[in-house]
Amino acid sequence: MPASSSITMFYKQIILHRGLPFDVKLPPQIVNMSKLTKEELDAEINKGYEDMMIS
């Protein structure tokens, strides 16, 4: 699919929804990745992956 077709479809969805066709939100708190242990970092990555798979 050409990029121009994808962009056109996205714009049409914006018009139909009268806004973005998905929720835009910030996480409840920002995680300082540089201060996480390996296990904590793995847990954060897994949470993000699970959130992505649910949507």
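Residues numbered from 1 in each chain as written. Predicted model: local features only at pLDDT ≥ 70, side-chain atom pairs only at ≥ 80, totals over all residues. Heavy atoms only, no water.

## Looking at the pattern of salt bridges
- Following the criterion strictly, the structure yields two salt bridges and no others.
- Between Asp-42 and Lys-38 there is a salt bridge; the shortest N-O distance is 3.0 Å. Residue Asp-42 and its partner Lys-38 are both found in helix H2 (residues 38-54); the two are separated by four residues, about one turn of the helix.
- Residue classification places Asp-42 among the partly exposed residues on the basis of a relative accessible area of 32%.
- Where Lys-47 meets Glu-44, a salt bridge forms, and the shortest distance between an N and an O atom there is 3.0 Å. On the criterion of helical spacing, the pair formed by Lys-47 and Glu-44 is a turn pair, its members being three residues apart in helix H2.
- With relative accessibility at 25%, the residue Glu-44 sits in the partly exposed group. (Salt bridge = Lys/Arg side-chain N within 4 Å of Asp/Glu carboxyl O. Helix = DSSP H or I, 4+ residues; strand = E, 2+ residues; numbered from the N terminus. Buried < 20%, exposed > 50% of the residue type's maximum accessible area, 1.4 Å probe, protein only.)

From the geometry alone we can't say anything about function, so treat these as descriptive.
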